Amino acid sequence: MPLASTACRSRASATSGYPHPASARALRRHTDSTVRRVSARLLIRDLAQVATPAGRSAPLRGSDLATVDVLEDAYVLCADGRIEAVGRMRELSGIPGAVVEFDGRGRCAIPGLVDCHTHACFLGDRVAEFDLRARGASYEELHAAGGGILATVRATRAGSEADLLAAVQRHRRAMLRMGTTTFEAKSGYGLDRETELASLTAIRAAGGIPTWLGAHSVPPEFADADAYLDFALDEVLPRASSLAESADVFVEDAAFDVRQARRYLEACRDAGLAPRLHGDQFTEQGAIELAIEVGARSVDHLEATGERGVRTLAASDVAGVLLPASALFLDRPMPPARALVAAGAVVALATDFNPGSAFCESLPLVCSLACTQLGLSPAEALAASTVNAAQVLGRSDRKGRLAPGYDADVVLLEAPDWRYLAYHLAGQVVADVFVAGEPAGATEPAATRA
Ligand code: NIG
Ligand code: FE
């Protein structure tokens, strides 16, 4: 099934011949200078497969989530940061102008992965807590004892703005190596004005899409959640609203209740931020109903969601963001993914990368967990970590597909079949990553152009 646009095919056939393919290694050696200096088109050629969620609509629900178009022996042509054409090698007759070629032999192309839920702006680690948990302590107990999120708040407040930027850049490089070309990251480990704003600034400077998680936990200098929200909404929101795109709240016994979350999200929405929620992670508190009420983009976690919640979410336009690495890391029940898809809910996948509940930057691993633990097929996992994740970030018109007009964010898998993305458990499956038509290494530190 040809994916190249008619316009692109006729342009290609209007000229004859094209340069000999550079070897992948040769191109890698010349990426920084060659690709930029001549601003040529990039032709990724001789790919074993090009796989992309089908169609152009978003979000994908129900059976549409499982429709992936696969072209064998194919190419991807990129120009000016966008995908110009996708097609079969035998249909490629020539391309006018300067072309840089990349030999894709033995590899499969998929869209750049989109991580729509991370907490990538933090300092320090929680390896000692990990050790305690491995020996029986629970995440909730550690949190109640002043560890958990508040331990990372202490470490993050102690650093400088430069430290924060360096940390997000480091995590961003790890994500890129694992095929994530677009990432969201939340603040929420500052919980004071200076550190929250520095976090949002660092996330943006590192190429991420910032979310103000101003309601992550109640810091110790406040008597209660209401007093903290008075401060956060009066003192931080006015500036956070110009740095972030979304606002997030942790709805849980040990964090914020539904009344407090409503107050926070309504104020943020009125200031122009798109509401999102951490909900049903440990207990059902009414987060799904609140998400629908405030017109949220997503409600994330859902490990504790029951049948009623599944039905309610499926009847709405709010996406359920599933975080199986977090459920695995905390030994919690997996979210009811199959029931959500069957009921017609919008589902996306993300890592939840953070130092406490999911120290994992790998969306390929999340796709493996989706197939082995959540009952999703590889096709559903691909769509949930590309198109639907891009929808959660308000970018599904540009990101999440390999089709003409989309951003040229392309991941090459070292594999004969694109389903190795989920099949190769914790494998080094990602071989090459292109962001906006350039090898990812050439675009640091602003690797994604959000
Ligand atoms: O999504 N649940 C709330 N926040 C994070 C965990 C943060 C942490 O443990 O540091 C989550 O799991
Ligand atoms: Fe989270």
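Higher on the page you've got the structure.
Basis of the calculations
Residues numbered from 1 in each chain as written. Chains lettered and ligands numbered in written order. Predicted model: local features only at pLDDT ≥ 70, side-chain atom pairs only at ≥ 80, totals over all residues. Helix = DSSP H or I, 4+ residues; strand = E, 2+ residues; numbered from the N terminus. Buried ≥ 20, exposed ≤ 12 C-beta atoms within 10 Å, placed from the backbone. Contact = placed C-beta atoms within 7 Å. Near = placed C-beta within 6 Å. Nonpolar A, V, L, I, M, F, W, Y, C, P; charged D, E, K, R; others polar. Core = buried A, V, L, I, M, F, W, Y, C linked by C-beta atoms within 7 Å. Domains from an automatic or database assignment. Pairing = 2+ DSSP bridges. Axes fitted to C-alpha atoms, helices over the stretch in contact; angles between N-to-C directions. Parallel < 35°, antiparallel > 145°, perpendicular 65-115°, else oblique. Left-handed = near helix turned anticlockwise from the far one by under 90°.

Engineer: Please provide a residue-by-residue account of the overall build of the chain, values included.
Structural biologist: From N to C terminus, the chain includes 17 helices and 16 strands. Within the chain, the proportion of its 450 residues that are buried is 56%. Of all intrachain contacts in the chain linking residues separated by at least 6 positions in sequence, the fraction that spans at least 24 positions is 74%.

Engineer: Lay out the environment of His119 with the relevant residues and their values.
Structural biologist: Here His119 is to be found in the loop between strand S6 (113–115) and helix H3 (127–134). Taking the C-beta count within 10 Å as the criterion, His119 has 27 such neighbours and is therefore assigned buried. Distance in space between the C-alpha atoms of His119 and Gly356 is 10.0 Å, their sequence separation being 237 residues. For His119, the contacting residues outside a window of four places in its chain are Ala185, Lys186, Gly188, Phe353 and Asn354.

Engineer: Summarise the site of ligand 1; cite the residues concerned and give the values.
Structural biologist: Near ligand 1 lie 13 residues; those nearest to it are Ile149, Phe250, Asn354, Gly356 and Ser357. Each residue belonging to the shell around ligand 1 can be placed in one class, and the counts come to three nonpolar, nine polar and one charged.

Engineer: Describe the nonpolar core, listing the residues and the values that go with them.
Structural biologist: Among the nonpolar cores identified, the biggest contains 146 residues, and Val76 and Ala370 are the most heavily contacted of them. The residues that make up this core include at least three from each of domain 1 (6–111 + 401–443) and domain 2 (114–392). Beyond its immediate sequence surroundings of up to four residues, Ala370 is in contact with Pro324, Leu349, Leu376, Ala381, Ala384 and Ala422.

Engineer: Break down the environment of Ala304 for me, citing the residues and quoting the values.
Structural biologist: Looking at the secondary structure, you find Ala304 in the loop between strand S11 (298–301) and helix H11 (307–314). Among the residues examined, Ala304 registers 19 C-beta atoms within 10 Å and is labelled partly exposed. The sequence separation of Ala304 and Gly279 amounts to 25 residues, and the corresponding C-alpha distance is 8.7 Å. When near neighbours in sequence (up to four residues on either side) are disregarded, Ala304 contacts Asp280, Gln281, Phe282, Thr283 and Glu284.

Engineer: Any details on the sheet that holds strand S10 (residues 274–279)? Residues and values, ideally.
Structural biologist: Strand order in the open sheet formed by eight strands is S6-S7-S8-S9-S10-S11-S12-S13, and the pairing between neighbours is parallel. Lying at the two open borders of the sheet, with one neighbouring strand each, are S6 and strand S13 (346–349). Neighbour to neighbour, the strand axes of the sheet diverge by 25° on average, direction disregarded. Where strand S12 (residues 319–322) and S13 come together, four bridges link them in parallel fashion. Within S13, the residue paired with Leu322 across the bridge is Leu349. Helix-sheet contacts for helix H6 (residues 161–177) involve S6 and strand S7 (180–186), and the interaxial angle to S7 is about 145°. Contacting strand S8 (209–215), strand S9 (246–250) and S10, helix H9 (residues 258–270) crosses the sheet at an angle of about 175° to S9.

Engineer: Could you give me a rundown of the packing of helix H7 (residues 193–205) against helix H8 (residues 225–243), with the residues and numbers involved?
Structural biologist: One way to put it is that H7 packs onto H8 with a least axis distance of 10 Å and a crossing angle of 5°. As the angle between them shows, H7 and H8 are arranged roughly parallel. Here Arg193, Glu196, Leu197, Leu200, Thr201 and Arg204 of H7 come into contact with H8, specifically with Glu235, Val236, Arg239, Ala240 and Leu243. When its residues are assigned to classes, the contact of H7 with H8 shows five nonpolar, one polar and five charged.

Engineer: Residues and numbers for the environment of Ala345, please.
Structural biologist: Tracing the backbone shows Ala345 in the loop between helix H13 (337–343) and S13. Distance from Ala345 to Leu313, taken between C-alpha atoms, is 6.2 Å for residues 32 residues apart in sequence. The contacts of Ala345, once residues within four sequence positions are left out, are Arg61, Leu313, Ala314, Gly320 and Leu340.

Engineer: Please set out the packing of H6 against H7 residue by residue, giving values where relevant.
Structural biologist: H7 packs onto H6 with a crossing angle of 40° between their chain directions and a minimal axis gap of 9 Å. Here H6 lies oblique to H7, going by the angle between them. Taken as a pair, H6 and H7 cross one another with a handedness that is right-handed. Where H6 abuts H7, its residues Glu161, Leu164, Leu165 and Val168 lie against Ala198, Ser199, Ala202, Ile203 and Ala205. When grouped by side-chain class, the residues that make up the contact of H6 with H7 number seven nonpolar, one polar and one charged.

Engineer: Got a sec to walk through unusual backbone geometry? Specific residues and values, please.
Structural biologist: Excluding glycine, a negative phi dihedral is what most residues carry, and trans is how most peptide bonds are arranged. Cis geometry is adopted by the peptide bond preceding Pro59, which originates at Ala58 and carries an omega value of -5°. A positive phi angle, near 45°, is found at Asp73, a position not held by glycine. In this structure, Asp73 sits in strand S2 (residues 68–79). On the neighbour-count criterion, Asp73 (13 C-beta atoms within 10 Å) is partly exposed. Of note in the backbone geometry, His301 takes a positive phi value of approximately 105° without being a glycine. Residue class for His301 comes out buried when judged on the 27 C-beta atoms lying within 10 Å of it.

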